[in-house]
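Fold and geometry: a report
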Amino acid sequence: MSETCKVSSERRGDVAILWTDGYINNQGGEEIAKEAYSRLEQGARALVLNLEKTRIVNSIGISILIEVLEKVMDRKGVLAFCGLTPTIDKTFRIMGLAQYAEIYPTQEDALRGVEAKTA
Amino acid sequence: MSDGREVSMSIPVAPEMEIVATAQAAALGEYVGLSRDKIDEVKLALVEACINAFEHADCRDEQLHLTFRLGREPQAKGREFLEVEVLDKGKGFDHHRVEAPSLQKTFVSHRKRGWGLQIIKSLMDEVDITSGEWGTRILMRKYK
């Protein structure tokens with residue numbers, strides 16, 4: 001049995017979109033961080049994390065997402081989430097992540113939002 | 001009040017075993033008619049209770065003992081609920097002394113963890129934690 005998260009990504013101008021598929025625990029979080037740091041090193045100024053194929057993010061996974069957020073903030077970049085289930089959305093807001101990262105309903109909304117912020 | 005409909009299981013302290021537990025929670029949540037969003041909240045709270053025990057409890061029997069109960073409030077037209085009990089035979093802890101986390105504190109700390117109990121309390125309708133040298137019991141309830 002493995003629920004480990006698969007991560008894929010694509011660069012669109014200054015923005016890198018990362019898609020997750022599966023349970024975000026420590027391994028899933030590390031996969032996201034590896035992909036995110038690689039995209040930042042390649043020059044992306046904003047990251048959009050599309051979590052529409054993820055139904056559970058545990059607190060270990062969230063702690064790694066916070067590390068990614070810190071790295072993005074250090075670079076004066078933008079981190080946005082989209083496609084969150086109501087439970088994940090609620091959890092991120094409980095933790096205060098919405099104060100530092102953008103949360104959008106859809107990927108299109110997220111791309112419009114981060115492009116406006118990085119223009 | 002539980003009406004006798006309950007399922008018990010034990011899971012080993014091992015990576016991803018919390019996902020086995022969430023499958024049971026989802027099945028019982030569907031049985032009692034909880035919405036998908038409420039089932040997701042139960043699943044995440046259960047994941048947090050399990051990984052908290054995996055990481056901190058130092059369980060003597062290397063097992064977590066889970067009981068899922070279906071019940072209804074005792075008053076007339078009382079709401080149905082799903083209750084989940086997570087019991088470990090570990091070293092226990094004083095949950096009153098667990099500091100409330102905040103993202104500001106998390107940013108300046110090397111330790112990014114410590115959100116589990118906060119997430120459980122925020123997602124479930126009722127949470128009761130008892131702990132001692134015998135171990136820890138987390139009782140969580142979600143109403144329909």
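Small disclaimer: the values here were computed from a predicted structure and weren't measured.

Re the layout of surface pockets
- Counted as a void, the second largest pocket has a volume near 200 Å³.
- Lining the second largest pocket are 14 residues, with A:N26, B:P15, B:E16, B:E18 and B:I51 positioned closest to its centre.
- Top element by residues in the lining of the second largest pocket is helix 2 (residues 36-56) of chain B. It accounts for three residues.
- Its residues placed into classes, the lining of the second largest pocket shows seven nonpolar, four polar and three charged.

What to know about the interface of chain A and chain B
- Contacts between the two partners involve 30 residues from chain A, matched on the other side by 26 residues from chain B.
- Both sides together, the interface formed by chain A and chain B hides about 2500 Å², and carbon and sulfur atoms give 63% of it.
- Of all residues in chain A, the largest losses of buried area upon contact with chain B belong to A:R55, A:T87 and A:M95, amounting jointly to 22% of the total for that side.
- At the boundary of chain A and chain B, one finds five residue pairs in polar contact (both at pLDDT 80 or more).
- Taken together, the residues that form the side of chain A that touches chain B break down as 14 nonpolar, eleven polar and five charged.

Looking at helix 4 (residues 116-123) of chain B
- Of the positions making up helix 4 of chain B, those classed as buried are B:G116, B:L117, B:I119, B:I120 and B:L123. Here the buried residues of helix 4 of chain B occupy an arc of 160° about the axis, which is enough to place them on one side.
- Elements in contact with the buried residues of helix 4 of chain B: helix 2 (59-74) and helix 3 (86-95) of chain A together with helix 2, strand 4 (126-132) and strand 5 (135-143) of chain B.

Overview of the sheet that holds strand 1 (residues 6-12) of chain A
All names here are of chain A.
- As summarised here, the arrangement of the five strands in space is 1-2-3-4-5, forming an open sheet in which the pairing is mixed. Whereas interior strands pair on both sides, the edge strands pair on one side only; in this sheet they are strand 1 and strand 5 (102-104). With strand direction ignored, the average angle separating the axes of adjacent strands in the sheet is 20°.
- Summarising the sheet, strand 2 (residues 15-21) and strand 3 (residues 46-53) pair through six bridges and their orientation is parallel. Opposite L18, over in strand 3, you have L49 as the bridge partner.
- On the sheet, helix 1 (residues 26-41) packs against strand 1, strand 2 and strand 3 and is oriented at approximately 20° with respect to strand 1.

What to know about the packing of helix 3 of chain A against helix 2 of chain B
- Viewed as axis vectors pointing N to C, helix 3 of chain A and helix 2 of chain B meet at an angle of 55°, and their least axial separation amounts to 8 Å. One finds that helix 3 of chain A runs oblique with respect to helix 2 of chain B. Between helix 3 of chain A and helix 2 of chain B, the residues in contact are A:P86, A:T87, A:K90 and A:T91 and B:D37, B:D40, B:E41 and B:L44, respectively.
- When its residues are assigned to classes, the contact of helix 3 of chain A with helix 2 of chain B shows two nonpolar, two polar and four charged.

Notes on the environment of B:V20
- With respect to the helices and strands, the residue B:V20 is situated in helix 1 (residues 17-32).
- The spacing of B:V20 and B:V47 is 27 residues in sequence and 9.7 Å in space, taken between C-alpha atoms.

Description of helix 2 of chain A
Residue and element names in this part refer to chain A.
- For helix 2, with 16 residues, the first-to-last C-alpha span of 22 Å sits near the 22 Å given by 1.5 Å per residue.
- Among the 16 residues of helix 2, twelve are classified as buried, and the element is accordingly described as predominantly covered.
- Of the residues flanking the start of helix 2, the one acting as N-cap is N58, its side-chain oxygen 2.9 Å from the backbone nitrogen of I60.
- Backbone geometry just after helix 2 places K76 at a positive phi near 60°.

Focus: the pairing of strand 1 of chain A
Residues and elements named next belong to chain A.
- Strand direction decides the pairing type here: strand 1 and strand 2, joined by seven bridges, are antiparallel. Note on strand 2: the bridge partner recorded for V7 is T20.
- From the end of strand 1 to the start of strand 2, which pair antiparallel, there are two residues, and G13 there has a positive phi angle of about 65°.

Each value, and the rule that gives it
Residues numbered from 1 in each chain as written. Chains lettered and ligands numbered in written order. Predicted model: local features only at pLDDT ≥ 70, side-chain atom pairs only at ≥ 80, totals over all residues. Heavy atoms only, no water. 1 Å grid on protein atoms, 1.4 Å probe; cavity = no way out; pocket = protein on both sides within 12 Å on 5 of 7 lines; lining within 4 Å. Points joined across faces, edges and corners; volume = space filled by probe spheres on them. Helix = DSSP H or I, 4+ residues; strand = E, 2+ residues; numbered from the N terminus. Nonpolar A, V, L, I, M, F, W, Y, C, P; charged D, E, K, R; others polar. Contact = heavy atoms within 4.5 Å. Buried area = accessible area lost by both parts, 1.4 Å probe. Polar contact = N/O pair within 3.5 Å; in protein donor to acceptor, adjacent residues only side chain to side chain. Buried < 20%, exposed > 50% of the residue type's maximum accessible area, 1.4 Å probe, protein only. Arc of directions from axis to C-beta. Pairing = 2+ DSSP bridges. Axes fitted to C-alpha atoms, helices over the stretch in contact; angles between N-to-C directions. Parallel < 35°, antiparallel > 145°, perpendicular 65-115°, else oblique. Expected span 1.5 Å × (residues − 1).

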